[in-house]
Amino acid sequence: MAERLLFGTAQRIIETFGSLAAKEIGLLWGVQDELQSMRDTVSTIEAVLLDAEEQHAAGNHQVTIWLRKLEDAIYDADDLLDAVSTEALQRQVMTHHKKAKQVRIFFSKSNQLVYGLKMAHKIKAMRERLDAIVSDMQRFHLKLKLSHVESRAGGHRDRDNTHGYVCAEAIIGRDDDKKAVIDRLLDSNVEDNVSILPIVAIGGLGKTTLAQLIFNDGQIQKHFQLKMWVCVSDSFHVKNIVEKIFEAATKTKLDTAEMHTLVGELKEKIDGKKYLLVLDDVWNENQEKWSHLKQVLMGGASGSRILVTTRSEIVARIVRTVESYPLRGLDKDDSWSLFKQMAFERGQEPEENSSIVAIGREILAKCSGVPLAIRTIGGLLRIKNSEGEWLAFKKNELSKISQNENDILPTLKLSYDHLPSHLKHCFAYCSLYPKNYRFYKSELILLWIAQGFVKSSDKNPCLEDVGNEYFMDLLWRSFFQEAKMDEFGNIMECKMHDLMHDLAISVAGSMITTLDDDKERNVAEKTRHVSIVGYDINTSSITTSLSKASSMRTFLYHSTSYKFWGESDCEAIFSTSKILRVLYLSEISFDFLPSSIGKLKHLRYLDLSMNHNLKKLPNSITRLQNLQTLILSFCLKLEELPKDIKKLVNLRHLDIYECSRLTYMPPGLGQLTNLKTLSNFVVHKDPLSRHISGLKELNRLNNLRGRLDIKNLRHEKDATSEFKAANLKEKEHLRALDLRWSIKGGVIASDDIVDDELLLEVLQPHLNLKKLRLQGNYGSRLPIWLLSLTNLVIFKIEGCTKCQYLPPLTQLPSLKILHLNQMDAMEYILESGDSNEFSSFFPSLKEIRLDCCPNLKGWWRRRDSSVEVDSDSHNFVEITEHPLLPSFPRLSTLVIWSCPILTSMPMFPHLEEDLYLDYTSSKPLQQTMMMNMAAPQSPTSTATTFSSFTPLSKLKVITLSFIEDLETLPEDLLKNLTSLQSLKIRNCHRLNSLSTGIQHLTALQDLELYNCDELELANDEDGMQWQGLKSLLSLEFSKLPKLVSLPLGLQHATTLQSLEISNCENLTSIPEWIHSCTSLQVLEIDECSSLTSLPEGIHSLTSLQRLKIEKCPILLQRCEREVGEDWAKISHIPKLELKYPDSDAKETEDLEHI
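Residues numbered from 1 in each chain as written. Predicted model: local features only at pLDDT ≥ 70, side-chain atom pairs only at ≥ 80, totals over all residues. Heavy atoms only, no water.

## Re the confidence of the model for the protein chain
Part 1 of the reasoning: Summarising the model, the protein chain shows a mean pLDDT of 83, and 84% of its residues fall at 70 or more.
Part 2 of the reasoning: Long-range and interchain partners of residues 100-110, a stretch whose pLDDT sits below 50, account for 11 contacts in this model, where long-range means more than four residues apart.
Part 3 of the reasoning: This model gives residues 933-947 a pLDDT under 50, and the stretch forms 35 contacts once residues within four places in sequence are excluded. (pLDDT = per-residue confidence, 0-100. Contact = heavy atoms within 4.5 Å.)

## Structural notes on the pairing of strand S7 (residues 481-485)
Part 1 of the reasoning: Summarising the sheet, S7 and strand S8 (residues 491-495) pair through 3 bridges and their orientation is antiparallel. Its bridge partner being in S8, Met485 is matched across the sheet by Ile491.
Part 2 of the reasoning: As consecutive antiparallel partners, S7 and S8 are separated by 5 residues, and within that stretch Gly489 has a phi angle of approximately 85°, a positive value. (Pairing = 2+ DSSP bridges. Helix = DSSP H or I, 4+ residues; strand = E, 2+ residues; numbered from the N terminus.)

## Considering the packing of helix H10 (residues 238-250) against helix H12 (residues 287-297)
Part 1 of the reasoning: Relative orientation of the contacting elements H10 and H12 amounts to 30°, with a least axis distance of 10 Å. Considered as vectors, H10 and H12 are oriented roughly parallel to each other. Remark: the crossing between H10 and H12 carries right-handed chirality. Contacts between H10 and H12 involve Val238, Ile241, Val242 and Ile245 from the first element and Lys289, His292, Leu293 and Leu297 from the second.
Part 2 of the reasoning: Split by residue class, the contact of H10 with H12 holds 6 nonpolar, 1 polar and 1 charged. (Axes fitted to C-alpha atoms, helices over the stretch in contact; angles between N-to-C directions. Parallel < 35°, antiparallel > 145°, perpendicular 65-115°, else oblique. Left-handed = near helix turned anticlockwise from the far one by under 90°. Nonpolar A, V, L, I, M, F, W, Y, C, P; charged D, E, K, R; others polar.)

## Looking at the pairing of strand S24 (residues 817-821)
Part 1 of the reasoning: Burial within S24 is extensive, with 4 of its 5 residues counted as buried.
Part 2 of the reasoning: Sheet analysis places strand S23 (residues 794-798) next to S24, joined by 5 bridges and oriented parallel. In the strand pairing of S24, Phe795 is matched with Leu818.
Part 3 of the reasoning: One ladder, built from 5 bridges, connects S24 with strand S26 (residues 847-851); its direction is parallel. (Buried < 20%, exposed > 50% of the residue type's maximum accessible area, 1.4 Å probe, protein only.)

## A short note on the environment of Leu891
Part 1 of the reasoning: When you line up the elements, Leu891 lands in the loop between helix H27 (876-881) and strand S28 (893-899).
Part 2 of the reasoning: Exposure remark for Leu891: the relative accessible area of 0% places this residue in the buried category.
Part 3 of the reasoning: With residues up to four places along the chain from it excluded, the contact list for Leu891 reads Leu845, Lys846, Glu847, Ile848, Phe908, His910, Leu911 and Glu912.

## A short note on the sheet that holds strand S10 (residues 529-534)
Part 1 of the reasoning: Ordered by their spatial adjacency, 8 strands build an open sheet running S9-S10-S11-S13-S15-S16-S17-S18, and the pairing between neighbours is parallel. Pairing within the sheet leaves two strands with one partner each, and these edge strands are strand S9 (512-516) and strand S18 (677-678).
Part 2 of the reasoning: Of the pairings in the sheet, the one linking strand S13 (residues 582-584) to strand S15 (residues 605-607) comprises 3 bridges and is parallel in character. Within S15, the residue paired with Val582 across the bridge is Tyr605.
Part 3 of the reasoning: Strands S13, S15, strand S16 (629-631) and strand S17 (653-655) of the sheet are contacted by helix H20 (residues 441-450), whose axis makes an angle of about 140° with S15.

## Some words on unusual backbone geometry
Part 1 of the reasoning: Even without glycine at this site, Phe634 takes up a positive phi of about 60°.
Part 2 of the reasoning: Relative to the elements of secondary structure, Phe634 occurs in the loop between S16 and S17.
Part 3 of the reasoning: Even without a glycine there, the phi angle at Ser898 is positive, about 60°.
Part 4 of the reasoning: Counting through the fold element by element, Ser898 comes out in strand S28.
Part 5 of the reasoning: Given the relative accessible area of 18%, Ser898 is considered buried.

## Topic: the nonpolar core
The nonpolar side chains of a soluble globular protein tend to be buried, and buried together.
Part 1 of the reasoning: Core analysis: the largest hydrophobic core is formed by 175 residues, its most contacted members being Phe555, Leu583, Ile710, Phe795, Trp859 and Phe1037.
Part 2 of the reasoning: The leading source of residues in this core is strand S21 (residues 734-741), at 4 residues.
Part 3 of the reasoning: In this structure Trp859 touches Leu818, Tyr828, Ile829, Leu830, Phe841, Phe842, Ile848, Phe888, Ser904, Met905 and Pro906, once residues within four positions along its chain are discounted.
Part 4 of the reasoning: In terms of nonpolar packing, the next biggest core, distinct from the first, is built from 93 residues, Tyr75, Leu205, Leu210 and Tyr433 among them. (Core = buried A, V, L, I, M, F, W, Y, C linked by side-chain atoms within 4.5 Å.)

## Focus: helix H17 (residues 387-397)
Part 1 of the reasoning: Within the span of H17, buried status applies to Trp390, Phe393 and Lys394. All buried residues of H17 fall inside an arc of 95° around its axis, so they share one side.
Part 2 of the reasoning: Tucked inside the fold, the buried residues of H17 contact helix H14 (332-343), helix H15 (354-365), helix H16 (371-382) and helix H18 (409-417). (Arc of directions from axis to C-beta.)

Right, here's the structure in full:
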């Protein structure tokens, strides 16, 4: 089906023929007539391509053969014209940059005559080749046809600014399925400790979506200790899957290649825990491979579940231990609800046109209740405005699709057929990515641009913006899904449904080839794009496979493990194809990039990111005048950029993020005025060196977008003009700016303070900026221009040790995140506060972090009222009842760390996510909890508006550490925390009791009490204190010297699954009532030297899967296998871990395998 992609390539060739560069070279070589003739020929071919495509689809074999010849010729013509354009570009660059003598040598008559004759012969041969194809075309009587898409005069563009894609769109019609699967997962009557439930259905029915709904359900969250999600897809390598499961369990990557180490580490994390593992999109029908993986996973606690999604009944039969769940299509009502959502404006049936509704229902019947098909067909029909268009689609196109409920791909292809040609190219190119791969929007757009798929328009000349429109169009049409947002609410990454991936492979045909571990094969000579997707593919097999791929334009290497290449490996790839436009070598390390890279003159996109060995690039790379994108991020040893980087005249994106050894920028960088990405600019410590460039290089780079990080700004006098030359105020497309001053040792002079204030003043950014970070500036105040940044979402200031206060930021309308770190001189965040500021007090602020501010006392220095709110205010009632005291209307997360004298803040009653207080006072928390609740009716109202609201009633997580003024947790404080799920109290050495208020924490799941010297837990005589903990899953007591026995009320915590006790030296016994903890699965006891025996009741804990005892000498002796006095009490436990104080080795008993 690749012939469908020729239309766009032909258009690109025609545009190239008309370019100024082609005309210039045509005159120089005397081939202007040949070029014009070629252009006319291609125009003739383009006009009938659509008719040829239809005849091919109808089964005309001769037309099919003709199209194959045409495809080769069109692409070869495109490569030839690219060489022509490149020659013109090289002439321009050399004339501009070389000395006169070198120019004369390069452009001498002999040089140009030889090369010109050679190219003239190639152009003539190509013209004759195309003429022959046109001559052959005459016998097919092909007709001029306009695509129903292209002929709409760009009608699809009307939606460019109104994409209504909702990432968390409502899932229709799966409530019953969700409930049924959850009931099976939670069924306690299943015999196996770890049972396996497959969801089986054809592609597109929503197996993954259903699994996601289940995975994130509240019941599931509470029931399982550990939840893991792994996408398996086509390739079933047990080692690779074990690695993925470990990453899902720990959120970390294990740096090992040994299978036995991987298995050991994974079993350490999951054995004895009740876990849920989702294995999504499994295709493996090899029983032996599945058995190897299953053996690794069987150590989970009773009730563990593995949920498998698959299209294959064979897979389901191999893996299941319980009956599979067959997922069916949506019923008629749910299908129509989804169709309406996609096909009609606002999801409403048009009341004035019942006929179009009837046509819609007939079309819907062809979708067989498959949600993916309904979404794509509905999205397609949404851009067809008239009843006639809907009727034509039903009669002329939908009627050709056979009704086969097990193959929805032909229906999906209808949506592809209706894409404009430029989107067909873009969609097919996505087949280079592995299945279920999350791709970055920005990366994909730059790859499209590199291949020439993206064309600017008069309306929008910026290629990146047009590429974004293409991306959003494909997303809106459901070719992409599962979009994720960045911190500013912009779409950052997506996936393709595996059926859409199958469709992309189908339409790409032989033009795109993917090599992987299971499909090592030779790549055909005419293959244009190659992707390597593998775990263990070596370079010799790659070069063998590519030995004939001389037409390769794309080489993408998607390794699932880090690779090391030699220089010869790189040379082999470079020599395979001289017309490469994309070279993607991320996560491959080599010491040297061969200078032969400079011969790849067609190259537009080069990714060398995450190369941990590369120190410098060869200067030959500056011969790549077509290069648009150079990605070097995380090249941790890279020391310098090419000195002649200014010759890369088409460079648009230079990503050097986290290239920490770069110390300067090469001169001439500022001449690259096409740059849209410059992630970092490093100022050299020696401003007088002629081999480096200063901030003035930024002056003309006003097209920069995204993020700019300027490092090593100097604390110097008389540098104002240089800083001003950076011209940041004119960079209207920048969204994030990071200004970092160099660290200066010794005493900071007062002159430095004044100079830094002036320097920061002239670094004013454009008001479109959304994120600003200031680090290491020595000014005592910040510039007033901060108040003009009305679009600012994130503001972080770090290490500005002389800054005394911030400008009045309270009314910045967009500010959501505020971080202050290492602000040594700051006593108050704002210099003053008055009632005028409270009318709109931080209306959007959601997160505050205050870190390492040792002298911070309060929020305001003074107030225009009789009450001063600072660290000297101890009149608690007066503060909390003051009518003008504001509260943060939207604040959800508050972190205060190492601010020991901070005692007063605005109220924060609406926290939802996290409250973290470490080495600070508890007074701000007490003030909020005890406030005579004056809750805002709306986000902009003040505390003078009263309504009934319970402060902190939505808060989920509290962590308190080193709170020296905390002696108890009052009941009035705790009773509000009805949503609290996690409470951690650490190093609070004056805390003596939790109070009876703990019974109000009915949603609490995790409780940790650590290193609290005075904490008494034995004062719960009637057991009421702990009786309200109806949701408690995990409990940890550590370093509690006054813990003599477990609290009596714990026997009522029947949901408790994990109990850890460590370093409680005075704990003498575990009570007999422990048998009441019927859900307990994990018990860990460490360094409790006074504990001399285990209770008889432990034998009744039939759910207990893991018992770990360390450094408890008497207890360990009693638990000795077979002979110990307490052995009979614990012999039923599947996994025992006993570690003796005189041995580093741990004796682990896995009784299931004895």
